[in-house]
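# Report on the structure
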Amino acid sequence: MLAGKRILLIIGGGIAAYKSLLLIRLLKAEGVHVTPVLTAGGAEFVTPLSVSALAGEKVYQALFDLTDEAEMGHIQLSRVADLIVVAPATADLLAKMAGGRAEDLASTLLLATDTRVLAAPAMNVRMWQHPATQRNLAQLRADGVLFVGPDEGDMACGEYGPGRLAEPPAILEAIRAALVRGPLVGKHVLVTSGPTHEPIDPVRYIANRSSGAQGTAVAAALRDLGAKVTFVTGPASVPPPEGVAVVRVETAAEMRAAVEAALPADVAVMAAAVADWRVANAGAQKIKKDGSGRLPVLEFAENPDILAWISKASQRPALVVGFAAETEKVVDHATAKRLRKGCDWIVANDVSPATGIMGGSENAVTVIDAEGAETWPRMAKDAVARRLAARIADAVNRVETKG
Ligand code: C5P
């Protein structure tokens, strides 16, 4: 998918610059053409020779290098790429970008281009958290710059927190997401996934066996078709996909609020296994055995039905897809559920223990819409996700053609 793409890779000055060497190797392995640009700071951490040897390309460093101007002017250099990647993007480089400065080759290229830019920030945690950096980030986001990372963790300077350069495989995924030109480019898709945890007291909760695997696969498949994905996830046992906006929640009430905050969206896929009830009399403190032999009695309150809510919301997405996990009369129950909840499609599956579907790697689903029921053969959850994403892309584009 990436083979033949051209990336202009700007390597800023920071200890994380060594990771950009790994990134070059990953990109080359995908068949990507990498043109490297090394800032003066970057050259303090990695040598031009290692950069150009790995990229198999000349490394560009100076603005007023006449040979370069004769070979390829800086304006042209900034425009031949399919994507410009800045990794590591230092606080200084971000400030220059946000301020529109053209002081050296890197900042001049970034100002002269109309190519999309993906930045992978890396800096000390205090620099990252500084209001000036956060202001610059907000400005750059508004300018359409894409970001990956930073990660949180131990830093080379001995501190802990956000500021580590995203790992090269995550940067590669973000590059892939930025470069795909699939049928869902320009569409915002909201996906809910995972179980919810409903507290009994501060240390105990009620949960269910959902792993989040199917919702995660759906989000990744939609991303691969070019959608901008907001992924609202409960405490799942599989990690969220790269290259999507992740919103982590615990309870159904939090999920409901996160879904509302993520609107407007073109499509909503509600794959979360939301708890139907929460504990109405949850303890503010840990409930103790008091030795009297009296057992605690839990009272339940009904949780908001997020799928039913979004199906009637004033900002209702054009296509709302729900899931139905059933243990008997799957199609009958799911057909009734589609009407009751007001969604467009229901993806129904049989989760009775004998199927091994809940928590397993395969799924056998029936997609129910206004036209009827379409049963798909049992296949890997990833394959179900890709087929569902393709069906969604079809439907979204059909509506548009009609409109
Ligand atoms: O009613 P049931 O839980 O079987 O419905 C399943 C569908 O409804 C799923 O798409 C699930 O994500 C959604 N749902 C929801 N909020 C709830 C319960 C279910 O969005 N409180």
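You'll find the structure just up there.
Criteria and thresholds
Residues numbered from 1 in each chain as written. Predicted model: local features only at pLDDT ≥ 70, side-chain atom pairs only at ≥ 80, totals over all residues. Heavy atoms only, no water. Helix = DSSP H or I, 4+ residues; strand = E, 2+ residues; numbered from the N terminus. Buried < 20%, exposed > 50% of the residue type's maximum accessible area, 1.4 Å probe, protein only. Contact = heavy atoms within 4.5 Å. Areas by Shrake-Rupley, 256 points an atom, 1.4 Å probe, with all protein chains shown as cover. Core = buried A, V, L, I, M, F, W, Y, C linked by side-chain atoms within 4.5 Å.

This part takes up the overall build of the protein chain. Per the secondary structure count, the protein chain includes 14 helices and 21 strands. Its C-alpha atoms put the protein chain at 80 × 60 × 40 Å along the principal axes. Across the 403 residues that make up the protein chain, the buried fraction comes to 50%. Of the contacts made within the protein chain by residues no fewer than 6 positions apart, 66% connect residues no fewer than 24 positions apart. Surface accessibility of the protein chain: about 19,200 Å² in total, with carbon and sulfur atoms responsible for 53%.

Looking now at the nonpolar core. Counting 33 residues, the largest nonpolar core has Ile-7, Leu-9, Val-85, Ile-171 and Ile-175 as its most contacted members. When residues of this core are traced back to their parent elements, those giving at least two are strand S1 (6-11), helix H1 (17-29), strand S2 (33-38), helix H2 (48-55), strand S3 (83-89), strand S4 (117-121) and helix H9 (168-179). Tallying contributions element by element places H9 first for this core, with seven residues. In contact with Ile-7, not counting residues within four places along its chain, are Leu-27, Val-32, His-33, Val-34, Thr-35, Ala-81, Leu-83, Val-85, Ile-175 and Leu-179. The next biggest cluster of nonpolar side chains, apart from the first, holds 32 residues, and it includes Ala-217, Trp-376, Val-384 and Ala-395.

So, on to the environment of Leu-94. Here Leu-94 lies in helix H5 (residues 91-99). When its relative accessible area of 1% is taken as the criterion, Leu-94 is described as buried. When the C-alpha positions of Leu-94 and Pro-121 are compared, they lie 8.1 Å apart, and in sequence the two are 27 residues distant.

Here we take up the side chain of Thr-90. The residue Thr-90 is located in the loop between S3 and H5 in this model. Judged by relative accessible area, Thr-90 falls into the buried class, the value being 13%. Among all residues touching Thr-90, those that are not within four sequence positions of it are Gly-12, Gly-13, Ala-122 and Met-123.

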